[in-house]
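Working through the structure, step by step
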Amino acid sequence: MALATNGNATGRLGRGKVNVNDRALVDKVLARYPKEFTVFRELIQNADDAHAESVEIEFQTKEYLVTDKGTARVNDLNTIQLARWVIRNDGDAFTTKDWDRITNIADGNPDERKIGAFGVGFFSVFSVTDCPVIISGGVRTRMFYENNELLVEYGSYANARDWTTFDMDLKPEAELTIPKPFDLSRFISTAITFLVNVNKVTMLLNGSVLSKITKSRGEPTKIVIPQGLKSTSPSNLFEVTSVKAIAQRVTVNISGQAYRAGSNSHSFRKESKQHVDPATMPSFFGKKGSESNGYSILPDTSAKNFSLDYTVYSADVCARPPPRMARGIERETKKKPPKTFLFEAVHFTSSEYESVRRDHDSMRCLNSVFMGPQGLFGERDDENAAKLFVGQSTSETTGIAVHLSSRFIPTVERESIDLANGQVRKWNEELLYVGGFIARLIYERGMSVVRNEWSSRPDQARKEGLFLMKSFTFRSTPDSNVAGLLQKAFFECTPNLAFPIISNLGVQDSKDVRKPNETFTSFMKQRPILDLVADTKGMITTLPKWYKVSDYTFRDIVDELNERVFTEGEMVAFITWWIKFCIAKWGDGNTDDRDEVKKQFNQASKRFRPTLRESEPDIILISDIRKFVNGKGWGSYLRAEDPLPHDTIPISFTSRLDPLAVRTVLGWEELSIVDWVQHIAVATLNPDYRRVLEILQSLWPSLKFPAREQIISLLQNVDCILTSHGLKKPSEAYFPEADLFGDLPVIQPSDFNEQMLQEFGVQSFIPWSGIRERLPHPRCTPYQLAVYLDRTRDIMTAEERAELQQMAIFAGTDGDLHCIADLYTPAQWLDADLKLPVIKWTDTDARNGSTEHLQRLIRLGLKIHPPLDVIIRKASSEDSSMRKAAFAFLLTHLHSVYSKYDPADFSHVAFVPCGKSRHAQLGTPEQVFMSSDWELLGFKRLHYSVDKVEAARLKIKDRPPASAIVKVLRENPPRDNKQAQSWFELLSRKGGFTADEMKEMADLKIVPIHTGGDAGSVIWVQPRQCFLEKPDDSNVHHRQLFNFVMFNPAASTFLRWCGAKPKPDYNDILEELLQDPLAYLDKAKPHKYLDDLRQVAVGYHNLSTETRTKMKNAEIFLGYCRKGGRNCSPSAESTQCALRRAREILIADDMESHRSFGEYVLVAPKEEVFDNFYRAMGSANLSVHVSHTIEVEGILSKNGEDLRSHVLGRLKIFLYDQENTRRSDVRIDRWHDSEHFEVKYCKRLRITKCLDFEDALERDRSKLTTLCDALAGIERTGERNHILWVADDGSEFRPDWYDMSVALCRLLFKTRRAHDVSSLMTILDASLDDLQRRGYPDIISMPMPMPIRLVRSPSPDRPPIVSRSPRQFQGWLRDARHLVAELFTSRKKSGGRFLSAEMEQLMDEALKLCSRDDGNLDRTIHQSAEHAKRGKKQRDVKYCSTSRVTDLKYCSELSCLLHAPLRNMLILFTRAYPVWHGGVQSK
C-alpha cells in the first residue's frame, strides 16, 4: 500500500539549495571530540592507516619561519608562541580517492582494513587552524574559509622528501604555547601500543628534537589454546584461530629542554601553572582568548630515557557476520566489516608494574612517562584503568588491568564503543566475548607461571599470583555493559575447566580451596586455604557458582584426622571445636544425622603427640582417655607440668570447656581433687609438696567437709610440711608466731593458708602459763606479743589479760619498757615533734604483721592519737616546731580522726596561719579566708603554705559571709571614687549574693558623690540614686538633676545589681517632677522638660495606681496657650507655657476651635503620645467644651441628592479603616434614608462657637464666644436626623470639602485626630477612578459600617488604641515641605502679606500628623497574608497589639495617592489661616 503524501502541490514546482554554514558545522563536529591531543591522535591514526612507519610532529615559531628555517633558539618552552604545527609521515601518498574523501565531511574510508570510518577525524585540525595545507604525492591542497564556506585550493608542489605533510598555521587570534612535550610523549607512547605500522614518532621544535618515541616487537611465540576454552563467540560471529605472545619494547627519549618544561598532570611533583590545550581555549570555537598559559620551570634539565618491556597477546580473529549484519554495519560505518583482523591485549605482570612504579617514585621532578593520565599505567589509586583501543585509546575502560585493542566500532567521537545501535551493538558485544576469552587465556598462562615458580620462590610467586587475581578483578566502567560482557566471557569461556587461584599451598583449583576460618585453621593443615587479602576479595565475590570457594565440610576434617598425627595443640583445638559443634548442632534435642556424624567421628583415627608429659608414649589415642580435669573448677590451679593419672587427658584440652559438655559429648569423668591427692600421696613420684600445698590452699576455702577430711587423712602421716628443721608431719610443726623465744620448728612466715595448716594440725601458740615466767625476754618484741594475743584471744581469760596490761614488758622508741596504756601507736614524729611516747614497731614488724595485730594492742590500751583539744592547743603553741607538727597532724587526720572538728568550737583560738610574709601569723577561723581579694575590705588571707585541699579540710571559707561584708560597707563605706571602684569591682567579680542580701546592700549609702570643688566634700548615696552613663548632649540638663557616676564595667555591674541604672528612666524623671516640678522646669527649660515628660508619657501605664493618682493631682503637666490675638497671623503669634494639673489642660483635637480659643485655654503638646497621656491623666478634648450653633440665611430650593449620594459613598470608604472605638453614636447606616440625612443649600451659613471650660484663662463669656461664616455645616434636627447645609452664593459653585469634612468629623467621632479632616477631604475630592486605583473597589460595594458600642470601658491601665499613618509618607512630606514653601513664596504678590515662616510652622505640624507615634517601639509586628476581597489597599498589612498599620509599599499607584493629600493639605493651610493675595483676604 502506498504511503500517503503530506498534501499535493499545485502549479509549477520550484527547487532550492539548502545552505550550510561550513564553519559552524565543523565547530559542531569538533565539539563532540575530546579536548586533549585530538589532532595528534587523528593524524597519527591516519598515518598508520597509510602504512607509515615514522611520524614527525614539529612545532615552529614565527622567528623560525621568517629566517627561512634558520635556527631560532628557544630557552623556555613554556613561554614561546607558536606559529605553525607540522605533522609528517612516510606512509602512502594520497590517491585521488583520498583527496576526494578528505574534502568531504562524513565521507569515510571504505577500506575495511583501515580504522577510519566516519570521515570526520581529519577535521579536528580546524581546532587549531583555519587554513590547513596538505602536501602529498606532489600535490598541495589548501583549505580555507570564505564567508563561512569551506573552500579547497589545489596545486602542484615539488617536495624533496616523499612524505605526506600537514601544515597548520595557527589561528591568528590564538596565542598558543607548545603542548607539554612530556605529556604528549606519554600520550604517544600509549597511542602506538597497538598501531599496526607506526613504530617511531619524533617531536621537534624549529627542527630540534624534543622527544622520540620508538616501538619494537620481537618474534611472536605461539600460545597453545587449552582444551576446554571456547574460542568462538556465543553467536559464532567470531572465532579465534590462533594466539601469539609478542615481546614489545617502547622507548621514550626526552631532551633536557623538553623535560624542563614540566607537566600538566596532577602527579607533577611541584606546583605549576597548567598548560592550556588548544581545544580548551576560547579560540577553539572562534572566540578571542585573553589569558596566556602558565608555566613552571624545573631544576633538572638533563635528558631522560624511559623504556618499557612487556608482552602483547595477539589473536587472529575470523569474522563471519550474517548478511543482514554486514549491511547494517556498512550502512553505519560506510565500509564493509573486516573478514579477518587482530585482537591484541596487553597485561603487565607484577614485576613490570613494580619496575615502572620504582621509576615513578625515583623521579626527581616528574613521574614515569608511562604512568599518569592517558599513560599505559594509571595513577596509584587507578591501577586497573586499562582502556579499550580502536587503533588508539578511547575513554572506555575494560574494568580489569588489561588493555584491549581490536576492530570495535566506536561512536563518532571515538571515545567509547557503540553499544546502542542495532547491528553495531551486536558486533561489539560479540567482540567483547573475544576480549574476555583472551583475558582468561592471559590469566591461565600467568597462573601457570606462578605454579611453576611456587616451589623455588614462594614469596615472589605469591606476590605475582595475588597481583594477577587483583588485575583480573572486574570493576565498574563508564559503560557498565563493557565490564559485564567481558566478565561474563571471562568465566563462561571455560565452564568445564578448573579456575586457579592463590591459596596458602600455592595455586589450587578454586573448588578445592576453602574459605579462611579461624575455627579450623588451628588444626586443619592439609586443606588449601584461600589467601584472602583486600586486593583479591573482589575476584572471590564475583566467581560464578561453578567456581565458588566453599566453606569447610565435616568430610574434610575426618580426612585430616585419618591422614596424619596431630600435635597436642592441634588436637586441643580439634577437641574444643568438636564439643562446641556437637552442643550447637544437637544441644536443643535435634537428632538429624547425629548418629552418622558421630559414627564417622568414632571411626576416625584421633591421634596426637604430647609435648610436656614425660615417660609417656610418643602417641596417645583419644580412645584411651577416661577422665579430664575441669579447667573451670579446681583444675584451673593445675599447671601443664603437674603429674596426672595415665587415663586423664592433659589440662590444656579442657581448661576452657564446659565440663558438662565434655561429659555429655565425650563421656569422660571429671578428675576430683581427692583423686589427684591420692595419686600424689601413694605414688613414688617424690612430688614438690610446696606446689601441692599451694594448690590445696587455693582450693581449701571452697572444699566441702568430707573432701577436707579425706585429704587431711591422706596427708596426716606424710612429711609434707616444710619447717625450719626440714619436712615435718603437720602435728610436729609450729607457726612463726608461736616461737616467742626462737627454739621451735616453724614454717615459713608467708607460706600457706593458716586455717588450712591449723586443720592439718600445725600448732599456733604456747599456753600463757608456759611463757609468763619467761617475760620480759630480749627476743620477745611488742609485735610478737600482739600476735600471741591474737592467737589466744578466745582462750585467754580476763584475769590473764589484766595481768598483761599491768606488766611493763612493751618496749618504746625511747628504749624503755612501758605499760601498754602509756604508749602511742607507731609514728616517729609523734615522739620527735610532739614528744609523745611511741611503741617500738619496726618496719619489718609492719610488713609482716597485719593491722589486726596492732588493733589487739590498741584494744589492750595502746593509744592511737592525741585528743582534738590537745592537738589544737599544740598547734597554737609558741614552739614553732611543735606548732607546725601539730598543725600538720591536724590536717592529716581531720577527716578520719577529727571528723567532728568544727571551727566554731575554736573561734577564739588563733591557730590558722595567715598573712603574706614568709613567717606566717596566726588567726582565728573567723578572721581568715582563702582569697586575697578580700584584703581590700580588711579581711585576712590564708597563708600560702596551706594549699586548697588543706584549707577545705579546715573548713576555711573562700570569702567572708554577706553579713560581714554588709557590716564593713555600713560602718566604713569607700572614702572616694577610686576605692569605691576597687570595692565594687571586687563585689561584682565575686558575686554570690542572694536577692535579700543585694536588697540590703542596695539600701546602704555606699556610693561617694563629690558635691563641690573641695576634695573632702563627699556625700554617700544609695546605688539606686545613681546613674552609670554620662548623659549625651540632648540630656545635658540631667547633670543638674541626677547623680551620675563613672566606674569601670565591673564596678558598674555591681551597682546595677544594687539598683543603679544606666540613665534616668521615666520612673526617675517622674520622681524628680513630683518633688519640685518648677525647679525641674527651671533647670531643664521647657523643651527639655517636654522631652522628659514624653518619656513619662511613654511608660506611664507601667506605673502603680498610687503613683498615677499622685500624677493626676500634681501640677507637672505642661500646657500651652497662644498669645497675640485671635486674628493675628501665625508669624506674629507667640506661645506661653505653664505647669498645671492634667484636668486643667485640654487636648487640641479641633484646629478651628483652637484657632478661635487658643489664647484662653492651655492645651497639651501636639503629639499623639501626649494626647493619650494627658487624656489618661484627666485632660478632656477641646471639641467637647466647644458648642456649635448654625444660622441659615436664604434657603435655596436646589436639589442636593447628588451631593448627598456622593457624601454617603465617600463616607463608607472613609470609615472603613477607622477605629470603631473613636466613633460617636451617630448611626450613619440610616442616612441612606433621606428622612435621617438631607443635603440643603442656602445663600449664607454662619456658625456660633462657644467655649465652656471652668479652667479657662478668660472668664469673660463674650470673649469665649465667636461667630464666623462657613461654607458647610451639619444641623441636628431630631434625635436621629441631620441636615448638611451647604452655602451657595450664586457664583460658579464648587463644594467646599474642607468645611464639610470639619462638620462631618465633628459629628462622627468622639475623639478626633488632626488628620481626620484632611483624610476625609482627600476622599471626598477624589473620583471613583482614583479611588479604585488606590484599592477601594470592593469597599465601595460594601454596606455602611456601623459604630460598635462597648459594654465595658477600656481599663485605664491599658494604653489607648492608636492609629498610625504609613511611614512611607514621612520622607515624602519632608520633601513636600520645601515644594509647598517654594510654591507659596513664588505666588506671593507685592501687595499681600505672606511669610515663609508661617508655612514652615504649618509644614512641621503636618509632618507631626504623619509621624505621630506613642513611643512604644517594642511591640511585636506580625505580617499577615493578603486578605481576600480587600483590594490593593489591604495587601501586606501588618498588625500589632494596639494599632493597625497599612503598608502601601507595593501599591503601583503610590504617586496617585500622594497628589490628593498634597492638594488637600494646601487647602487645609489656606482655610486655617488667612492668606493675602494682592491685598484681598480669602480663605
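Read on for an overview of the structure.

The rules behind these values
- Residues numbered from 1 in each chain as written.
- Predicted model: local features only at pLDDT ≥ 70, side-chain atom pairs only at ≥ 80, totals over all residues.
- Heavy atoms only, no water.
- Pairing = 2+ DSSP bridges.
- Helix = DSSP H or I, 4+ residues; strand = E, 2+ residues; numbered from the N terminus.
- Buried < 20%, exposed > 50% of the residue type's maximum accessible area, 1.4 Å probe, protein only.
- Contact = heavy atoms within 4.5 Å.
- Polar contact = N/O pair within 3.5 Å; in protein donor to acceptor, adjacent residues only side chain to side chain.
- Axes fitted to C-alpha atoms, helices over the stretch in contact; angles between N-to-C directions.
- Parallel < 35°, antiparallel > 145°, perpendicular 65-115°, else oblique.
- Nonpolar A, V, L, I, M, F, W, Y, C, P; charged D, E, K, R; others polar.
- Phe/Tyr/Trp six-rings, centres within 6.5 Å; stacked < 30°, edge-to-face > 60°.
- Lys NZ or Arg CZ within 6 Å of the ring centre and 35° of its normal.

Time to look at the sheet that holds strand E19 (residues 607-609). Across the sheet, which stays open at both edges, the three strands sit in the order E18-E19-E20 with mixed pairing between neighbours. Edge positions in the sheet fall to strand E18 (566-567) and strand E20 (620-621), since each has one partner strand and no second. In this structure, E19 lies alongside E20, joined through two bridges in antiparallel fashion. The residue of E20 that forms the bridge with phenylalanine 608 is isoleucine 620.

Locating serine 724 in the fold gives a position in the loop between strand E23 (721-723) and strand E24 (726-728). According to the relative accessible area criterion, serine 724 is partly exposed, its value standing at 46%. The sequence separation of serine 724 and aspartate 743 amounts to 19 residues, and the corresponding C-alpha distance is 10.0 Å. Those residues in contact with serine 724, other than ones at most four positions away along the chain, are Leu744, Pro745 and Val746. Side-chain polar atoms of serine 724 contact the side chain of histidine 725, separated by 3.1 Å.

One way to put it is that helix H19 (residues 673-682) packs onto helix H21 (residues 705-715) with a least axis distance of 10 Å and a crossing angle of 0°. In terms of orientation, H19 and H21 fall into the roughly parallel class. Across the interface between the two elements, Ile673, Val674, Val677, Gln678 and Ala681 of H19 pack against Ala707, Gln710, Ile711, Leu714 and Leu715 of H21. For the contact of H19 with H21, the per-class residue count stands at eight nonpolar, two polar and no charged.

Next up on the list: unusual backbone geometry. In this structure, histidine 51 takes a positive phi of about 65° despite not being glycine. Looking at the element boundaries, histidine 51 is found in the loop between helix H2 (38-49) and strand E1 (54-61). Its identity as a non-glycine residue notwithstanding, lysine 955 has a phi of 60°, on the positive side. Positionally, lysine 955 belongs in the loop between helix H31 (948-953) and helix H32 (962-971).

Now for the packing of aromatic side chains. Applying the stated criterion to the full structure yields 61 aromatic pairs. Taking the centre distance of 6.1 Å and the plane angle of 80° together, the rings of phenylalanine 40 and phenylalanine 59 count as edge-to-face. With a gap of 19 residues between them, phenylalanine 40 in helix H2 and phenylalanine 59 in strand E1 connect regions that are remote in the sequence. A single burial state applies to phenylalanine 40 and to phenylalanine 59, both of which are buried. The structure contains a cluster of three or more aromatic residues connected by ring pairs, namely Phe520, Phe523, Tyr552, Phe554, Phe566, Phe574, Trp577, Trp578, Phe581 and Trp586. We note lysine 304 situated over the ring of tyrosine 259; from NZ or CZ to the ring centre the distance is 5.3 Å. Above the plane of the ring of phenylalanine 566 lies arginine 564, whose end atom (NZ or CZ) is 4.4 Å from the centre.

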